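Listed here are the chains, written in short residue letters.
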Amino acid sequence: MRHVIAAVVAGAIVFAVNFASWMFLPYHGQSLHELPGGEKIAADLKAAGAANAVYHWPSMPQGKNNQPPTKEEMEAFEKQYGAGPAVSLLVFRPQLGKLMSPEIMGANLAANVGAGFILALVLAAAARGGVGYFGRVLMSLGFGLFAALQGPLPEALWWGQPPEYFLVTVADLAVGWFAAGVVVAMFYPARELIVART
């Protein structure tokens, strides 16, 4: 039961940090730019019957009849891609629901609680292994940095995202999981480890 409570607390803290970062700090808003001519582009995509998907341009050739693209097709693509311009990871949604709907907020919170449960298991094991409070807090910070190194940073490198876009997400992860660690590490006090061994 302690793990479940710790997971809920950790998830709520991380959710609150991210919510505050998006709603009360300017950095996310400054890193997102309105698409020039966006109204026409959105209308053209809808008219073309584009599905809810992630789009990019130019697109790598797919070949024909389940065959890999030819050398000539790849050379033409690489030339076009190298000359630019390119559009990376444009998400198109033909229909939108309510902004910040309870379903989306709840799903994000649930994801954070799930990650918090993993963190709780790790910190509990660390406490049993003799790792002190501050060591476990640093482990939680490492948890957030690990997520950043395996999520936003690789995407930024592959897709050419500017630093101001992905660095704020890295900061959210680091601050959120550090704050979660400050609290969750107290769920597993070292004195219980000492008592258990005596």
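In the block above lies the structure referred to throughout.
Note that this is a predicted model, so its numbers are computed, not measured.

> Please provide a residue-by-residue account of the pattern of salt bridges, values included.
Summed over all chains, the structure comprises 1 salt bridge. Between Lys 40 and Asp 44 there is a salt bridge, with the nearest N and O atoms lying 2.8 Å from each other. A residue pair is termed a helical-turn pair when its members lie 3 or 4 positions apart in one helix, as Lys 40 and Asp 44 do in helix 3 (residues 38-47) at 4 residues.

> A description of the packing of aromatic side chains should follow, citing residues and the corresponding values.
The tally for this structure, following the rule as stated, stands at 5 aromatic pairs. With a centroid separation of 6.4 Å and 15 degrees between ring planes, the pair formed by Phe 15 and Phe 19 is classed as stacked. One end of the pair, Phe 15, and the other, Phe 19, are both in helix 1 (residues 2-24), 4 residues apart, so they sit about a helical turn from each other. When the centroid spacing of 5.7 Å and the interplanar angle of 40 degrees are considered together, the rings of Phe 77 and Tyr 81 count as tilted. Remark: Tyr 81 and Phe 77 occur in helix 4 (residues 71-83); sequence separation between them is 4 residues, near one turn of the helix. Judged by its relative accessible area of 12%, Phe 77 is buried.

> Could you give me a rundown of unusual backbone geometry, with the residues and numbers involved?
Trans peptide bonds make up most of the peptide bonds, and negative phi angles are found at most residues other than glycine. In the segment running from Trp 57 into Pro 58, the intervening peptide bond is cis, with an omega of 0 degrees. Relative to the elements of secondary structure, Pro 58 occurs in the loop between strand 1 (53-57) and helix 4. With a phi angle near 55 degrees, Leu 89 is a residue other than glycine that sits in the positive phi range. In this structure, Leu 89 sits in strand 2 (residues 87-92).

> Please provide a residue-by-residue account of the packing of helix 6 (residues 133-150) against helix 8 (residues 163-184), values included.
The N-to-C vectors of helix 6 and helix 8 enclose an angle of 155 degrees; their axes lie 8 Å apart at closest approach. Looking at the two axes, helix 6 sits roughly antiparallel to helix 8. The handedness of the crossing between helix 6 and helix 8 is right-handed. Contact residues: Tyr 133, Val 137, Ser 140, Leu 141, Phe 143, Gly 144, Leu 145, Ala 147 and Ala 148 in helix 6; Val 170, Leu 173, Ala 174, Trp 177, Phe 178, Ala 180, Gly 181 and Val 182 in helix 8. Looking at the contact of helix 6 with helix 8 residue by residue, the class counts come to 14 nonpolar, 3 polar and no charged.

> Account for the nonpolar core, naming residues and giving values.
Ala 10, Leu 119, Trp 177, Ala 180, Val 184 and Tyr 188 are the most contacted members of the largest nonpolar core, which has 16 residues in total. Within the residue set of this core, elements represented by two or more residues are helix 1, helix 5 (102-128) and helix 8.

Conventions adopted
Throughout this description, residue numbers start from 1 for each chain and increase along the sequence as written. Per-residue local features are limited, in this predicted model, to residues with pLDDT of at least 70; the limit for side-chain atom pairs, both in listing and counting, is 80 or more; totals at the level of whole chains, interfaces and linings are taken over all residues. Computation of side-chain values: all heavy atoms of the structure, hydrogens and water removed. Every case where a carboxyl oxygen of Asp or Glu lies within 4 Å of a side-chain nitrogen of Lys or Arg is listed as a salt bridge. Secondary structure counts use DSSP, requiring at least four H or I residues in a row for a helix and at least two E residues in a row for a strand, with both numbered from the N terminus. Any Phe, Tyr or Trp ring, taking Trp's six-membered ring, that has another such ring centre within 6.5 Å forms a pair; planes under 30 degrees apart are called stacked, those over 60 apart edge-to-face, and the others tilted. Per-residue accessibility, obtained with a 1.4 Å probe over protein chains only, is compared with the maximum for each type, and a residue is labelled buried under 20%, exposed over 50%, and partly exposed between these values. In this description, a line fitted to the C-alpha atoms serves as the axis of each element, helices being fitted only across the stretch in contact, and the angle between N-to-C directions of two axes falls anywhere from 0 to 180 degrees. Orientation labels follow simple angle bins: below 35 degrees gives roughly parallel, above 145 gives roughly antiparallel, 65 to 115 gives roughly perpendicular, and whatever is left gives oblique. By convention the crossing between two helices is left-handed if the near helix lies anticlockwise of the far one by an angle smaller than a right angle, and right-handed if it lies clockwise. Between two residues, a contact is recorded if the distance between any of their heavy atoms is within 4.5 Å. Under the scheme applied here, ten amino acids are nonpolar (Ala, Val, Leu, Ile, Met, Phe, Trp, Tyr, Cys and Pro), four are charged (Asp, Glu, Lys and Arg), and all others, including Gly, are polar. The definition of a nonpolar core used throughout is a set of buried Ala, Val, Leu, Ile, Met, Phe, Trp, Tyr and Cys residues joined through side-chain atoms within 4.5 Å.

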